[in-house]
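The chain contents come next:
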Amino acid sequence: MSLYAGAESIVRKLNEAGFTTYFAGGSVRDQLLDRKSKDIDIATSATPEEVQSLFPRTTDLQGKVFGVIRVIENDLVYEVATFRKDGAYQDGRRPTEVEFSNPEEDANRRDFTINGLFYDPVEKKVIDFVGGQDDLKTKTLRAIGDPEARFREDHLRLYRAIRFAAEFDFEIEELTWKKICDLSHLGGDLAPERVRDEMIKSLTGSNPLRAFDLLDRSGLFAPWIPEIAEMKGVEQPPQFHPEGDVFVHVRMMVGMLNNPDPVLALSVLLHDISKPETYSVDPDGRIRFTGHETKGARKSEDILRRLKCSNELIESVSACVANHMAFKDVPDMRVSTLKRFMARPWIETELELHRIDCTCSHGDLEIYDFLLEKIEEFSNQEIKPDPFVNGRDLISMGMKPGQEIGKVLTQLYDEQLEGKFLSRDIALQRANSLVQATYGPAA
């Protein structure tokens with residue numbers, strides 16, 4: 001059974017029991033925009049207890065206090081919520097109490113008109129109490145009722161507005177936009193995990209540049225990543241960056257993204273984050289940012305920890321930031337060094353970061369093209385195979401444990417990567433000759 005068919009089945013069963021029931025919110029919006037929904041939420045006049053009495057498989061996961069029951073149909077999970085109106089919001093997140101109500105009052109408690117629509121799958125008609133259909137037609141994002149009240153109720157709506165406007169390429173209605181800007185400081189009161197999720201969704205969507213511009217212009221970057229604004233006005237050497245200052249450069253790079261993964265999106269956003277603090281000018285007038293990649297990696301880690309990102313995401317983005325200047329050394333690398341370079345866990349993301357970085361500055365893609373050739377050249381071999389020789393082998397040949405073993409193993413592995421021997425037997429012969437050169441023939 002499809003997602004839609006399962007949802008329609010739930011609606012019909014509730015209708016047959018005498019309850020008014022509709023599809024609600026995002027799935028209705030997506031249907032009218034001819035977009036695919038990942039889930040379908042359902043709103044009904046039935047109370048949570050009445051919903052549970054009609055369906056054998058349900059969970060509430062503490063949602064029951066807000067009138068939400070999860071109904072499981074054919075192993076698909078649907079949220080079924082009782083029509084309600086909300087009481088006072090005291091924490092900028094959720095109401096202190098709710099009162100079960102009717103469809104119109106339920107629609108009017110929601111965030112934006114495009115999310116306040118209902119759909120009757122039995123009668124095949126849209127129920128619109130808030131003007132959401134008109135706003136969909138004019139591509140307008142508008143808060144329902146008083147924008148300030150909606151944003152003070154749930155501060156996350158500030159960031160959700162940015163995501164929706166970027167994702168759907170909608171214009172934010174004038175008063176709604178004014179209140180987003182006026183109340184952007186409230187974003188600092190949110191749990192970092194909630195902000196993180198909305199920012200990542202915005203920057204990994206179909207229009208990251210629009211999201212970037214709206215986050216910047218509204219002031220919503222400031223509570224969590226004030227370092228973004230610090231890049232504005234930081235000049236760069238014109239021979240390498242004719243496009244302008246650091247902020248302009250990063251913005252151009254964001255503009256080249258389309259549905260990127262989080263590692264690439266955040267690496268682009270943060271790769272030059274320490275240029276402001278490393279800015280210097282040589283006596284001859286040349287601008288430099290010495291060590292900005294190293295300091296930037298540390299600062300990126302601080303920012304991502306601030307947003308409670310996962311250790312894996314932090315490690316990956318920090319590595320991309322730390323390594324983004326290493327590409328300039330690629331043409332001079334020995335084969336063994338180059339293979340180590342290309343075997344790094346996030347090399348594909350780093351390579352794309354490098355391509356975008358170059359495209360949005362000097363435009364020279366020679367190193368990028370060189371690496372593509374090497375990828376093709378090395379495609380039929382394991383780029384970083386297991387070493388043929390290990391420390392135990394060297395000790396059995398007479399070497400004493402210590403730093404010298406590490407040096408010999410590094411030399412042997414470099415030679416292996418360079419193709420100087422293709423089997424363990426030949427590698428052991430080479431190892432033995434190095435040991436004898438150091439210690440003399442074994443007794």
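Up top is the structure.
Residues numbered from 1 in each chain as written. Predicted model: local features only at pLDDT ≥ 70, side-chain atom pairs only at ≥ 80, totals over all residues. Heavy atoms only, no water.

A. The arrangement of the overall build of the protein in detail. Within the protein, the regular secondary structure consists of 22 helices and 13 strands. Taken against the 2.2 N^0.38 rule, which gives 22 Å for 443 residues, the C-alpha radius of gyration of the protein at 29 Å runs more than 25% over that of a compact globule. Taken along its principal axes, the extent of the C-alpha atoms in the protein is 95 × 60 × 35 Å. Counting every position in the protein, which comprises 443 residues, the buried fraction comes to 49%. Pairs at least 24 residues apart make up 64% of the contacts formed inside the protein by residues separated by at least 6 positions. Of the roughly 21,500 Å² that the protein leaves accessible, carbon and sulfur atoms contribute 48%. The centroid of the 57 positive side-chain charges in the protein is displaced by 3 Å from the centroid of its 76 negative side-chain charges. (Helix = DSSP H or I, 4+ residues; strand = E, 2+ residues; numbered from the N terminus. Rg over C-alpha atoms; globule rule 2.2 N^0.38 Å. Buried < 20%, exposed > 50% of the residue type's maximum accessible area, 1.4 Å probe, protein only. Contact = heavy atoms within 4.5 Å. Areas by Shrake-Rupley, 256 points an atom, 1.4 Å probe, with all protein chains shown as cover. Lys, Arg positive; Asp, Glu negative; His and termini not counted. Charge placed at Lys NZ, Arg CZ, Asp CG, Glu CD.)

B. Here's a closer look at the pairing of strand S1 (residues 21-24). Taken together, the four bridges between S1 and strand S2 (residues 41-44) define a ladder with antiparallel strand orientation. Its bridge partner being in S2, Ala24 is matched across the sheet by Asp41. (Pairing = 2+ DSSP bridges.)

C. Local environment of unusual backbone geometry. Even without being a glycine, Asn259 presents a positive backbone phi close to 50°. Summarising the element assignment, Asn259 is placed in the loop between helix H12 (246-254) and helix H13 (262-270). The phi dihedral of Lys308 falls on the positive side, at around 60°, and the residue is not glycine. When you line up the elements, Lys308 lands in the loop between helix H15 (292-306) and helix H16 (311-323).

D. Summary view of the side chain of Asp393. Tracing the backbone through its elements, the reader meets Asp393 in helix H20 (residues 391-396). According to the relative accessible area criterion, Asp393 is buried, its value standing at 11%. Within the structure, Asp393 has its side chain in polar contact with the side chain of Arg424 (distance 3.0 Å). (Polar contact = N/O pair within 3.5 Å; in protein donor to acceptor, adjacent residues only side chain to side chain.)

E. Looking closely at the pattern of salt bridges. With the rule as written, the count across this model stands at 37 salt bridges. Glu167 is paired through a salt bridge with Arg163; the nearest N and O atoms lie 3.9 Å apart. Here the residue Glu167 and the residue Arg163 both occupy positions in helix H7 (residues 156-168), the gap between them amounting to four residues, near one helical turn. With relative accessibility at 28%, the residue Glu167 sits in the partly exposed group. Notably, a salt bridge pairs Glu377 with Lys374, separated by 3.1 Å at the nearest N-O pair. In this pair, Glu377 and Lys374 both sit in helix H19 (residues 366-377), three residues apart, roughly one turn of the helix. For Lys374, a relative accessible area of 19% gives the class buried. One salt-bridge network, held together by shared partners, links Arg35, Arg163, Glu167 and Glu198. (Salt bridge = Lys/Arg side-chain N within 4 Å of Asp/Glu carboxyl O.)

F. How the structure looks around the packing of aromatic side chains. Summed over all chains, the structure comprises 15 aromatic pairs. Seen in terms of ring centroids, Phe83 and Phe118 are 5.8 Å apart; in terms of plane orientation they differ by 80°. Their pairing is edge-to-face. On the criterion of sequence distance, the pair formed by Phe83 in the loop between strand S5 (76-82) and strand S6 (84-86) and Phe118 in strand S8 (residues 117-120) is long-range, its members being 35 residues apart. Taking relative accessible area as the criterion, Phe83 reaches 1% and is therefore assigned buried. Among the residues examined, Phe118 registers a relative accessible area of 0% and is labelled buried. Aromatic side chains Phe388 and Phe421 sit 6.4 Å apart centroid to centroid with 50° between the ring planes, which places their arrangement in the tilted category. With Phe388 in the loop between H19 and H20 and Phe421 in the loop between helix H21 (403-417) and helix H22 (424-439), the pair connects residues that are 33 residues apart, well separated along the chain. According to the relative accessible area criterion, Phe388 is partly exposed, its value standing at 23%. In this structure Phe421 comes out as buried when scored by relative accessible area, which is 6%. Among the aromatic residues, those joined into a cluster by ring pairs are Phe112, Phe151, Phe164, Phe168 and Phe170. (Phe/Tyr/Trp six-rings, centres within 6.5 Å; stacked < 30°, edge-to-face > 60°.)

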